[in-house]
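Each chain is listed here by its residues.
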Amino acid sequence: ISSFVSNNSSDIATSGSTYALGYYDSSDNSWTNYTTSTAGGAGNLTLGKGYQMASASGATMAFSGTVATSSQTQSVINNYNNGSGGGRFNLVANPFPSYINLNDNNDASNNFLTVNSSVIDGDFLAVYGYDADGTGYSIYNHASGTGRNYIAPGQAFFVAAESSSAANISFTTAMRTTSGGDDFVSGRLVQSDWSNFYLRLYENDNFTSETQFYFEQGLSLGLDPGYDAGAMGQNDLMSRLPENDQGVGMAINAMGNDFNDTTVPLVINRVAGVEFSISFEDSTIPEGVGIYLEDTLLETLIDLRAEDFTLTPESDLSDMGRFYLRIGNTNLGGNDLEESYISV
């Protein structure tokens with residue numbers, strides 16, 4: 001670590017005695033940066049462990065050392081209920097100087113998500129990559145299409161651990177590939193032949209949050225690990241599973257592509273008195289499929305293909321139970337919400 005800082009001294013960003021190089025601790029959800037006094041005794045950058053770092057002006061920084069030629073592991077743990085403010089997410093990294101397969105679009109078995117499916121929480125079976133533009137994290141799983149099927153050399157990313165006891169994430173040599181074209185910083189989640197659309201929440205025309213919907217034959221309305229993915233934090237806008245709800249707000253909700261009448265609970269977290277709007281965007285689903293947002297309190301049903309849903313809430317909004325997304329042919333004559341969506 002001291003050599004890395006020294007060799008990149010003209011490029012790495014600094015703030016006084018603090019370097020833009022640090023690590024994440026899931027036990028208390030904290031970040032720690034190395035300083036001029038701590039870097040010297042910090043040892044080596046650990047293979048498979050992720051780090052945060054930044055250059056002063058967009059420069060390329062150099063890594064030198066011995067190339068990893070054997071499979072590697074990195075310990076992860078779910079600290080969500082440890083009583084110290086910990087979380088389920090752990091920062092890991094591709095330890096190889098080559099790309100590795102992220103999902104089953106490239107290799108049905110030798111890909112990161114499939115190999116580690118028993119170690120990663122099924123509600124969050126995905127890779128969470130930092131966008132580096134201040135908007136947060138994008139999610140990549142088996143639904144990710146062309147250009148996002150690989151994890152770049154050295155690329156760090158978050159995964160959600162399943163167990164409250166330490167378990168190993170595996171990076172096998174069989175995952176390695178000579179293909180690949182980008183890291184997680186550039187671009188957006190891209191689909192190849194899947195149908196999809198986004199719901200996006202805006203405040204004063206400023207984008208704040210989104211929840212994504214994907215449709216492919218063979219998926220269910222319940223949890224499809226590796227295709228559905230929970231939101232990394234409590235986002236302003238999330239969805240819940242239409243069936244067998246896991247109690248998790250979803251950032252990606254994947255389901256079958258028959259587009260039958262489907263009701264999806266929405267979670268909207270907003271403060272009272274501030275107007276917001278929700279829009280239907282980037283759709284590749286058939287034009288004839290109806291998309292409606294229902295407000296059960298105001299008893300309104302908005303056709304999102306025709307207009308945005310706009311509301312100034314009289315009280316704070318949180319959790320599910322008031323708003324629902326209707327997909328497909330919708331009966332406008334009454335309230336036919338299933339009992340499973342009613343909660344106290």
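Look a little higher up for the structure.
Everything numeric here is computed off the predicted structure, so don't read it as measured data.

(A) Expanded view of the sheet that holds strand E7 (residues 99-101). Taken in spatial order, the 3 strands line up as E10-E7-E13 in an open sheet, and their pairing is antiparallel. Looking at the sheet topology across the chains shown, the edges are occupied by strand E10 (150-151) and strand E13 (176-177).

(B) Expanded view of the packing of aromatic side chains. Summed over all chains, the structure comprises 20 aromatic pairs. Between Tyr130 and Tyr137, the ring centres sit 5.3 Å apart and the planes meet at 55°, which makes this aromatic pair tilted. Classification of Tyr130 by relative accessible area gives partly exposed; the value is 42%. Judged by its relative accessible area of 33%, Tyr137 is partly exposed. Plain terms: the ring middles of Phe197 and Phe280 are 5.0 Å apart, the flat faces sit at 55° to each other, and that makes the pair tilted.

(C) Expanded view of the pattern of salt bridges. On inspection of all chains with the given rule, the structure shows 11 salt bridges. Residue Arg270 pairs with Glu203 through a salt bridge whose shortest N-O separation is 2.0 Å. On the criterion of sequence distance, the pair formed by Arg270 in the loop between strand E19 (262-268) and strand E20 (276-281) and Glu203 in strand E14 (residues 195-203) is long-range, its members being 67 residues apart. With a closest N to O distance of 3.5 Å, Arg305 and Glu287 form a salt bridge. Placement of the pair is Arg305 in the loop between strand E22 (300-303) and strand E23 (309-311) and Glu287 in the loop between E20 and strand E21 (291-295), with a sequence separation of 18 residues. Judged by its relative accessible area of 28%, Arg305 is partly exposed. One salt-bridge network, in which partners are shared between bridges, spans Arg200, Glu210, Glu281 and Asp282.

(D) The arrangement of the nonpolar core in detail. Counting residues in each nonpolar core, the largest one holds 28 residues, and the members touching the most others are Tyr128 and Ile139. Where this core is concerned, the elements lending two or more residues are strand E6 (89-93), strand E11 (156-160) and strand E18 (250-255). Here this core gets 4 residues from one element, more than from any other, and that element is E18. Within the second largest apolar cluster, 26 residues are counted, among which are Leu199, Phe259, Ile268 and Ile302.

(E) Highlighting a nonpolar patch on the surface. Together, Trp31, Tyr130 and Tyr137 give the surface a local cluster of nonpolar side chains, amounting to about 300 Å² of exposed area. Mapped onto the fold, Tyr137 is located in strand E9 (residues 137-140).

(F) Just the pairing of strand E24 (residues 323-327), in detail. Of all the 5 residues making up E24, 5 are buried; the element is thus mostly covered by neighbouring parts of the structure. Here E24 shows a buried face lined by Phe323, Leu325 and Ile327 and a second buried face lined by Tyr324 and Arg326. Bridge analysis of E19 against E24 gives 5 bridges, and the strand direction is antiparallel. For Thr262, the partnering residue across the bridge sits in E24 and is Ile327. Across 5 bridges, E21 lies against E24 in antiparallel orientation. Its bridge partner being in E24, Tyr292 is matched across the sheet by Arg326.

(G) Examining the side chain of Asn116 more closely. Structurally, Asn116 is set in the loop between helix H2 (112-115) and strand E8 (127-130). Not counting residues up to four positions away in its chain, the partners in contact with Asn116 are Asn168, Ile169, Ser170 and Met175.

(H) Structural detail: the pairing of E9. Bridging between E8 and E9 involves 4 bridges; their strand directions are antiparallel. Looking at E9, one finds that Tyr128 is bridged to Ile139. Here E8 folds back onto E9 in antiparallel fashion, the turn holding 6 residues, of which Ala132 has a positive phi close to 65°.

(I) Representation of the environment of Leu304 within the structure. By secondary structure assignment, the location of Leu304 is in the loop between E22 and E23. For Leu304 and Ser279, which are 25 residues apart along the polypeptide, the C-alpha to C-alpha distance reads 6.7 Å.

The rules we used
- For every chain, the first residue of its written sequence is number 1, and the numbers climb from 1 along that sequence.
- A pLDDT threshold of at least 70 governs which residues receive local features in this predicted model, and a stricter bar of 80 or more applies before side-chain atom pairs are shown or counted, although totals over entire chains, interfaces and linings include all residues.
- Values reported for side chains reflect all heavy atoms of the structure, with hydrogen atoms and water molecules removed beforehand.
- Should DSSP find at least two bridges between two strands, the strands are regarded as paired.
- Secondary structure is summarised from DSSP: a helix means a run of H or I of at least four residues, a strand means a run of E of at least two, and numbering begins at the N terminus for each.
- Only centres within 6.5 Å qualify two rings of Phe, Tyr or Trp (six-membered ring in Trp) as a pair; their planes then separate them into stacked at under 30 degrees, edge-to-face at over 60, and tilted for everything else.
- Per-residue accessibility, obtained with a 1.4 Å probe over protein chains only, is compared with the maximum for each type, and a residue is labelled buried under 20%, exposed over 50%, and partly exposed between these values.
- One side-chain nitrogen of Lys or Arg within 4 Å of one carboxyl oxygen of Asp or Glu is enough to make a salt bridge.
- Definition of nonpolar core: a set of buried residues of the types Ala, Val, Leu, Ile, Met, Phe, Trp, Tyr and Cys, connected through side-chain atoms within 4.5 Å.
- Think of a patch as exposed residues, more than 30% relative accessible area, with no salt bridge, where like charges cluster within 9 Å and nonpolar side chains (Val, Leu, Ile, Met, Phe, Trp, Tyr) cluster within 5 Å.
- Each accessible area is a Shrake-Rupley result for a 1.4 Å probe, and residues are judged covered by the shown protein chains and nothing else.
- By the convention used here, residues are in contact when the closest approach between their heavy atoms is within 4.5 Å.

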